[in-house]
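A closer look at the structure
Spelled out from the first residue to the last, the chains are:
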Amino acid sequence: MNDSLTANHKAGVILVCLSAVTFSTAGIFTKAVSATAWDVIFWRGISAVVITLMVLWFRGAVKDEMRRFRAPALLAAFIMASGTAAFIPAFKLTTIANVSIIWATTPFITALLAWLLIKEAPSRRVLMCSALAIGGVLI
């Protein structure tokens, strides 16, 4: 591997880990605020738009990203918005542990959908990581 690819890989791993740590606090903060689920969703969405535009602005990529924003991006945005519209109220309506247990099934569901839709058989690594996710929740 060349140095830039290695640096990009390391940066990607760090960003995914930071994202996981940050994302894992969603239940704590959602439960801690007295705002309604829809208020939380609204402000979370506004924050996401502002931060995304700031990052794109500093990278000089706003116009390029807007130009490339087509149907697949709209579908991804719809799916993410739907997920948030279910995820945040789940914390308000049940315990963080219940949401975590359901969330821990996502590696299994993702592997199953990949297998069914694009015929990608889950690797041993995917199955092991999925089992670790469930094990972590159970602990």
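In case you missed it, the structure is sitting above this.
Just so we're clear, the structure is a prediction, and the values are computed from it rather than from any experiment. (Residues numbered from 1 in each chain as written. Predicted model: local features only at pLDDT ≥ 70, side-chain atom pairs only at ≥ 80, totals over all residues. Heavy atoms only, no water.)

Mapped onto the fold, Pro-89 is located in helix α5 (residues 71-93). The sequence separation of Pro-89 and Trp-115 amounts to 26 residues, and the corresponding C-alpha distance is 30 Å. When near neighbours in sequence (up to four residues on either side) are disregarded, Pro-89 contacts Ala-37, Ile-41 and Thr-84. (Helix = DSSP H or I, 4+ residues; strand = E, 2+ residues; numbered from the N terminus. Contact = heavy atoms within 4.5 Å.)

The final tally for this structure, using the stated rule, is 3 aromatic pairs. Taking the centre distance of 4.9 Å and the plane angle of 80° together, the rings of Phe-42 and Trp-43 count as edge-to-face. Aromatic side chains Phe-87 and Trp-103 sit 5.4 Å apart centroid to centroid with 50° between the ring planes, which places their arrangement in the tilted category. Placement of Phe-87 in helix α5 and of Trp-103 in helix α6 (residues 96-103) is noted, with a sequence separation of 16 residues between them. (Phe/Tyr/Trp six-rings, centres within 6.5 Å; stacked < 30°, edge-to-face > 60°.)

The next point concerns the packing of α5 against α6. Closest axis-to-axis distance for the α5/α6 pair is 8 Å, and the angle between their directions is 145°. Taking contact as the criterion, the partners of Phe-87, Ala-90 and Phe-91 in α5 are, on α6, Ile-96, Val-99 and Trp-103. In the contact of α5 with α6, the residues fall into 6 nonpolar, no polar and no charged. (Axes fitted to C-alpha atoms, helices over the stretch in contact; angles between N-to-C directions. Nonpolar A, V, L, I, M, F, W, Y, C, P; charged D, E, K, R; others polar.)

Okay, the nonpolar core next. Core analysis: the biggest nonpolar cluster contains 8 residues, these being Ala-26, Ala-37, Val-40, Ile-41, Phe-87, Ile-88, Phe-91 and Val-99. Mapped by element, the contributors of at least two residues to this core are α3 (37-59) and α5. Contacts of Ile-88, omitting those with residues within four sequence positions, involve Thr-30, Ala-37, Val-40, Ile-41 and Arg-44. (Core = buried A, V, L, I, M, F, W, Y, C linked by side-chain atoms within 4.5 Å. Buried < 20%, exposed > 50% of the residue type's maximum accessible area, 1.4 Å probe, protein only.)

On to a nonpolar patch on the surface, then. Together, Phe-108, Ile-109, Leu-112, Leu-113, Trp-115, Leu-116, Leu-117 and Ile-118 make up a nonpolar patch on the protein surface, roughly 810 Å² of accessible area in all. Within the fold, Phe-108 resides in helix α7 (residues 106-118). Taking relative accessible area as the criterion, Phe-108 reaches 35% and is therefore assigned partly exposed. (Patch = residues over 30% accessible without salt bridge, like charges linked within 9 Å, V, L, I, M, F, W, Y side chains within 5 Å. Areas by Shrake-Rupley, 256 points an atom, 1.4 Å probe, with all protein chains shown as cover. Salt bridge = Lys/Arg side-chain N within 4 Å of Asp/Glu carboxyl O.)

Let us look at the side chain of Thr-30. Tracing the sequence through the fold places Thr-30 in helix α2 (residues 26-32). In this view, Thr-30 contacts Ile-88, Phe-91 and Lys-92; residues no more than four positions away in its chain are not counted.

Here we come to the environment of Ile-28. With respect to the helices and strands, Ile-28 occurs in helix α2. Along the primary structure Ile-28 and Ile-96 are separated by 68 residues, whereas in three dimensions their C-alpha atoms are 7.6 Å apart.

With that settled, consider the pattern of salt bridges. Scanning the model with the defined rule gives 3 salt bridges in all. Across the pair Asp-64 and Arg-67 runs a salt bridge, and its minimum N-O distance is 2.4 Å. One end of the pair, Asp-64, and the other, Arg-67, are both in helix α4 (residues 62-68), 3 residues apart, so they sit about a helical turn from each other. Between Arg-68 and Asp-64 there is a salt bridge whose closest N-O contact spans 3.5 Å. Of the two residues, Arg-68 and Asp-64 are both situated in helix α4; the distance of 4 residues between them amounts to about one turn of the helix. Asp-64 sits in the partly exposed class, given a relative accessible area of 29%. Via salt bridges that share partners, Asp-64, Glu-65, Arg-67 and Arg-68 belong to a single interconnected network.

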